[in-house]
Amino acid sequence: MRDTRTTVLTPEAPGEIVTGNDFASLDSSRTEEGYIQICYSGEAAKAKVQLLDPEGTLYTYTLLPGSFETLPLTGGGGIYSVTVLENAFDNVYAVAYTGELEAARVDEFKPYLYPNQYVWYTDSSKVYALGAELSAKSRDDLHYVENVYSYVVENVEYDHDLAANIPVDYLPDVDRTIDTGKGVCLDYAALMTALLRSQGIPAKLVVGWSGTQYHAWISVYLAETGWVDGVIFFDGINWSRFDPTLAAGNRGTSVKDYVNNSGNYRERYFY
C-alpha cells in the first residue's frame, strides 16, 4: 500500500530576510523553498499585492490586514518585483510599498507542494484527512491520483448560482467545497490540487482560458512521465489531459476529445 504522509509542508515567516516599511513586511527567508510571505500592516480595510515574476507575468493577490500571506514563486529563480496596494476609496488603490527580491535558486517542485492562498490547508484541515483516507486505499502514487480524480468528479457538482454571481476577489476554500459538494472550476481545481499536495505529489493549479472562457484546471507530476501539462484524465490505461470541471458533468467521448485537444487550453497563471 501507499506510504501515507503524516505531516504537511507548512509555510513560515522566520524573519531571517525581511524588507518593508510601515505598511508592509516582506519575508523572503524561504525563497529556495518556493515561496515568500508578505503582511500588510496599514490601516486600509482592503489591500492587494502584485508580484511580477522573472518571466514578466504579473500576479495579483488579496491581502488581509495583519496576517501573512503565502505567495508561490512559480516563475522559478530570478528577480521578483513586489508592489503592495491599499484601497483608498471605491475601486481606487494607492501604492503602499514597492520592492524587489532575488530568488537565486527555487526548487522545481516546492512551489507546487506547499499550500498558498489559492490552495490553502493545514494538517488539521478536512482536505488533509480526506487525502490520508484516500491514500490508505491506494496501492501507489498513480493509484492515489486516480482515487483523487474519482472523488472530485463524483462528489462535487457545478454551482451555477455561484458562477452567475461570483464575488470580486473570490478565493477557493477546499474544506468548504468538501462540505457543500459544490463549486466552480477554481474550486474543483483547488480541491484536487490540495489533495495531491497534502500527500506529497506536486500539482499545479492552472488558470487561463478554455476556448473563450476564463477557466481553471490542474497539472500533476508523475514520476514515470514527469509533468502531465495542462490537465489530466485517466482512461484506465493512460494518463492524458484532464479537466475536473468538465469531467464531473460529462464523461462522454465529445468531452474527452475536447479536453485532449491542447489547442482548447491557454495557460496564464500557475498557483
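Thresholds applied
- Residues numbered from 1 in each chain as written.
- Predicted model: local features only at pLDDT ≥ 70, side-chain atom pairs only at ≥ 80, totals over all residues.
- Heavy atoms only, no water.
- Helix = DSSP H or I, 4+ residues; strand = E, 2+ residues; numbered from the N terminus.
- Buried < 20%, exposed > 50% of the residue type's maximum accessible area, 1.4 Å probe, protein only.
- Contact = heavy atoms within 4.5 Å.
- Areas by Shrake-Rupley, 256 points an atom, 1.4 Å probe, with all protein chains shown as cover.
- Phe/Tyr/Trp six-rings, centres within 6.5 Å; stacked < 30°, edge-to-face > 60°.
- Lys NZ or Arg CZ within 6 Å of the ring centre and 35° of its normal.
- Pairing = 2+ DSSP bridges.
- Axes fitted to C-alpha atoms, helices over the stretch in contact; angles between N-to-C directions.
- Salt bridge = Lys/Arg side-chain N within 4 Å of Asp/Glu carboxyl O.
- Expected span 1.5 Å × (residues − 1).
- Parallel < 35°, antiparallel > 145°, perpendicular 65-115°, else oblique.
- Left-handed = near helix turned anticlockwise from the far one by under 90°.
- Nonpolar A, V, L, I, M, F, W, Y, C, P; charged D, E, K, R; others polar.

### Here's the deal with the overall build of the chain
Link 1 in the chain: Counting its secondary structure elements, the chain contains seven helices and 16 strands.
Link 2 in the chain: Counting the 271 residues in the chain, one finds 52% classified as buried.
Link 3 in the chain: A separation of at least 24 residues holds for 59% of the contacts in the chain among residues at least 6 apart in sequence.
Link 4 in the chain: Within the structure as shown, the chain displays about 12600 Å² of accessible surface, and the carbon and sulfur contribution to it stands at 48%.

### Digging into the packing of aromatic side chains
Link 1 in the chain: Enumeration according to the criterion identifies 13 aromatic pairs in this entry.
Link 2 in the chain: For the ring pair Tyr59 and Tyr61, a centre distance of 6.3 Å and an interplane angle of 15° mean the geometry is stacked. We note that Tyr59, like Tyr61, is buried.
Link 3 in the chain: Three or more aromatic residues joined by ring pairs make a cluster, and in this case those are Tyr59, Tyr61, Tyr118, Tyr269 and Tyr271.
Link 4 in the chain: The lysine or arginine in question, Lys204, covers the ring of Tyr112, its NZ or CZ lying 5.3 Å from the ring centre.
Link 5 in the chain: The side chain of Lys204 reaches across the aromatic face of Trp227, ending 4.3 Å from its centre.

### Topic: the sheet that holds strand β16 (residues 265-270)
Link 1 in the chain: Read across the sheet, four strands follow the order β13-β12-β11-β16 without closing on themselves; strand pairing throughout is antiparallel. Each edge of the open sheet is held by one strand with a lone partner, namely β13 (226-228) and β16. Taken pair by pair, the neighbouring strands of this sheet meet at an average axis angle of 35°, ignoring direction.
Link 2 in the chain: Alignment of strand β12 (residues 213-222) against β13, held across three bridges, turns out to be antiparallel. Each bridged residue has a counterpart across the sheet, and for Val220 the counterpart in β13 is Val228.

### Observations regarding the pattern of salt bridges
Link 1 in the chain: This model, assessed by the stated rule, comprises eight salt bridges.
Link 2 in the chain: In this structure, the salt-bridge partner of Glu16 is Arg30, at a minimum N-O distance of 2.9 Å. Of the two residues, Glu16 sits in the segment before β1 (18-20) while Arg30 sits in the loop between β2 (24-27) and β3 (35-40), which places them 14 residues apart along the sequence.
Link 3 in the chain: The partner of Lys126 in a salt bridge is Asp179, with the nearest N and O atoms 2.7 Å apart. Taken as a pair, Lys126 in helix α1 (residues 126-136) and Asp179 in helix α4 (residues 174-180) lie far apart in primary sequence, 53 residues in all.

### With respect to helix α5 (residues 185-197)
Link 1 in the chain: Under the 1.5 Å per step criterion, the end-to-end length of α5 is 18 Å for 13 residues, consistent within 8% with the ideal 18 Å.
Link 2 in the chain: Counted residue by residue, α5 has 13 buried out of 13 residues, so it is predominantly covered.

### Here's the deal with the pairing of strand β5 (residues 58-63)
Link 1 in the chain: Bridging between strand β4 (residues 47-52) and β5 involves six bridges; their strand directions are antiparallel. Paired with Leu51 across the bridge in β5 is Tyr59.
Link 2 in the chain: Connecting β4 to the next strand, β5, in antiparallel fashion are five residues, including Gly56 with a positive phi near 90°.

### Side note on the packing of helix α2 (residues 141-155) against α5
Link 1 in the chain: One can describe the packing of α2 onto α5 by two numbers: an axis separation of 10 Å at closest approach and a directional angle of 150°. On the basis of the axis angle, α2 is roughly antiparallel to α5. For the crossing formed where α2 meets α5, the hand is right-handed. Of the residues in α5, those touching α2 at Tyr144, Val145, Val148, Tyr149, Tyr151 and Val152 are Tyr188, Leu191, Met192, Leu195 and Leu196.
Link 2 in the chain: Within the contact of α2 with α5, the residues separate by chemical class into eleven nonpolar, no polar and no charged.

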